[in-house]
Amino acid sequence: MSKSNSFNLSIAAQNVEHSFYNKKGIVYVEGEDDIPFWSQYFNPSEFEIRKMDGCRNLEDYENDILYHGLRCIVARDADYSSYMGKTHEHPLIVCTLSHSIECIMFCPYNVNACLKKFARTLDDHVEEIKESYKEFYNGIKDIIVYDIANNVFEVGCSICGDSCTRFLCSNTSIKVSTDKRDKFLQSKSICFSPSQIEEIRERVDNDQRELRQIVKGHFQASFVVNLIKKMTSSITRNDAPSISNEALYALLVKCFPECEADCEERKVIKQRVKSAISALSA
């Protein structure tokens, strides 16, 4: 549902619409997958959570919040906004710290909890997961640099896409094929100047976030699925389980309750949500 066909309510009418649902406010999110994620932070019994089928459909709401006094909350992925200078500093616009919600879901501790379920084990494998992550993200770093450069400089060249599979040694591998990667980057290098790539590489190197948090979430999914399959098979000494991206999402969308990791991402989101709720009720 886009804003243009959302009953064409005036700003004043939209500002009281939540009362008809006996809620504290309306929270607009990007899509269907975002509803269960953001419902962890905005209690559905208190907030009406609506999907808008993509970040572009949220822009009208953001503009009305910024310039026309709309009183609602927009909860969205950060995407590459920090690189593109498009970060909106407004308490009613809540962004993830990572590129997207999937980046948060793929936290090694969360993946470890998922692995335990598939492997039926109580043993922790966080360090092994972290090592595999380190190798994978270092292997795709230049691809990410090119993808960010493509967005920042509006080159119009397809880089990442929605899956990393084509850069892996095989469809079931967790290893990045240096040959595939290097050939791909060589074919795309004509689209950029050396100074553009160097600028973005320096900015990525200075980014305080992990590469996992910078990379597009959907791009990482095949690697995470393959990693869980490989590790499960190694632990159980059986064939790898069948795991779809949809199943992975369902298992990882909410952090496991017992997690004691000092998660900066969750702290940031909780604080931003708290500020949004306070601003809405002010």
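The text that follows walks through the structure, step by step, so that each part is easy to find.

Procedures and definitions
Residues numbered from 1 in each chain as written. Predicted model: local features only at pLDDT ≥ 70, side-chain atom pairs only at ≥ 80, totals over all residues. Heavy atoms only, no water. Helix = DSSP H or I, 4+ residues; strand = E, 2+ residues; numbered from the N terminus. Rg over C-alpha atoms; globule rule 2.2 N^0.38 Å. Buried < 20%, exposed > 50% of the residue type's maximum accessible area, 1.4 Å probe, protein only. Contact = heavy atoms within 4.5 Å. 1 Å grid on protein atoms, 1.4 Å probe; cavity = no way out; pocket = protein on both sides within 12 Å on 5 of 7 lines; lining within 4 Å. Points joined across faces, edges and corners; volume = space filled by probe spheres on them. Nonpolar A, V, L, I, M, F, W, Y, C, P; charged D, E, K, R; others polar. Phe/Tyr/Trp six-rings, centres within 6.5 Å; stacked < 30°, edge-to-face > 60°. Expected span 1.5 Å × (residues − 1). Pairing = 2+ DSSP bridges. Axes fitted to C-alpha atoms, helices over the stretch in contact; angles between N-to-C directions. Arc of directions from axis to C-beta. Polar contact = N/O pair within 3.5 Å; in protein donor to acceptor, adjacent residues only side chain to side chain.

It is worth spelling out the overall build of the protein chain at this point. Looking only at helices and strands, the protein chain has 13 helices and 4 strands in total. In summary, the protein chain has a C-alpha radius of gyration of 20 Å against a globular reference of 19 Å for 282 residues, a match within 12%. For the protein chain, with 282 residues in total, the buried portion stands at 48%. Within the protein chain, counting contacts between residues at least 6 apart in sequence, those at least 24 apart form 67% of the total.

In this structure, the largest pocket occupies an estimated 1000 Å³ of space. In this structure, the largest pocket is lined by 32 residues; those nearest its centre are Glu 30, Cys 55, Arg 76, Asp 79 and Tyr 80. At the level of elements, helix 3 (59-67), helix 4 (81-84), strand 4 (93-95), helix 5 (101-105) and helix 11 (217-236) are the ones that each hand at least two residues to the lining of the largest pocket. As for the second largest pocket, its lining consists of 20 residues, and the residues nearest its centre are Pro 108, Lys 130, Glu 210, Arg 212 and Gln 213. Broken down by secondary-structure element, the contributors of at least two residues to the lining of the second largest pocket are helix 6 (108-119), helix 7 (126-152), helix 10 (211-214) and helix 13 (264-281). For the lining of the second largest pocket, the element with the highest residue contribution is helix 7, accounting for 5 residues. Among the residues making up the lining of the second largest pocket, the classes are represented as 10 nonpolar, 2 polar and 8 charged.

Now for the packing of aromatic side chains. Here the distance between the centres and the angle between the planes together describe a pair of aromatic rings. A full pass over the atoms with the stated rule returns 14 aromatic pairs. Ring plane angle 75° and centroid distance 5.6 Å describe the contact between Phe 42 and Phe 47, whose orientation is recorded as edge-to-face. As far as burial versus exposure is concerned, Phe 42 and Phe 47 are alike and both buried. Ring geometry for Phe 136 against Tyr 137: centres 5.0 Å apart, planes inclined by 75°, an arrangement best described as edge-to-face. Each member of the pair, Phe 136 together with Tyr 137, is buried. Members of the aromatic cluster, connected to one another through ring pairs, are Phe 37, Trp 38, Tyr 41, Phe 42 and Phe 47.

Structural remark: α-helix, 3.6 residues per turn; residues separated by three or four positions point the same way. Compared with an ideal rise of 1.5 Å per residue, which puts 12 residues at 16 Å, helix 6 spans 16 Å between its outermost C-alpha atoms and is within 8% of the ideal. For helix 6, the set of buried residues is Pro 108, Asn 110, Val 111, Asn 112, Ala 113, Cys 114, Leu 115 and Ala 119. Summarising the contacts, the buried residues of helix 6 are in contact with helix 5, helix 7, helix 10, helix 11 and helix 12 (245-252). Trailing helix 6 by a residue or two, Arg 120 shows a phi angle of about 55°, which is positive.

This next bit is on the sheet that holds strand 1 (residues 25-29). Across the sheet, 4 strands lie side by side as 2-1-3-4; this open sheet has parallel pairing. Each edge of the sheet is formed by a strand with only one pairing partner; in this case those strands are strand 2 (47-51) and strand 4. Neighbouring strand axes in the sheet, compared pairwise and without regard to direction, differ in orientation by 20° on average. Where strand 3 (residues 73-76) and strand 4 come together, 3 bridges link them in parallel fashion. Paired with Val 74 across the bridge in strand 4 is Ile 93.

Okay, helix 9 (residues 194-206) next. Taking 1.5 Å of rise per residue, the 13 residues of helix 9 would be expected to cover 18 Å, and the 18 Å separating its terminal C-alpha atoms lies within 8% of that figure. Buried within helix 9 we find Gln 196, Ile 197, Ile 200 and Val 204. Buried residues of helix 9 fall within an arc of 95° about the axis and therefore sit on the same side. Across from the buried face of helix 9, at angles greater than 90 degrees, the exposed residues are Pro 194, Ser 195 and Asn 206. If you follow the buried residues of helix 9, they end up packed against helix 4, helix 7 and helix 10.

Position of Thr 96 relative to the elements: it lies in the loop between strand 4 and helix 5. We classify Thr 96 as buried; its relative accessible area is 2%. Only 3.0 Å separates the side chain of Thr 96 from the backbone nitrogen of Ala 78, close enough to count as a polar contact. Setting aside its immediate chain neighbours within four residues, Thr 96 contacts Trp 38, Arg 76, Asp 77, Ala 78, Ile 101, Ile 104, Glu 265, Ile 269 and Arg 272.

Below, the discussion takes up empty space enclosed by the protein. Per the counting criterion, the structure on display carries 1 cavity of 30 Å³ or more. The computed volume of the largest cavity comes to approximately 30 Å³. At the level of secondary structure, the elements contributing two or more residues to the lining of the largest cavity comprise helix 1 (11-17) and strand 1. For the lining of the largest cavity, the per-class residue count stands at 4 nonpolar, 1 polar and 2 charged.

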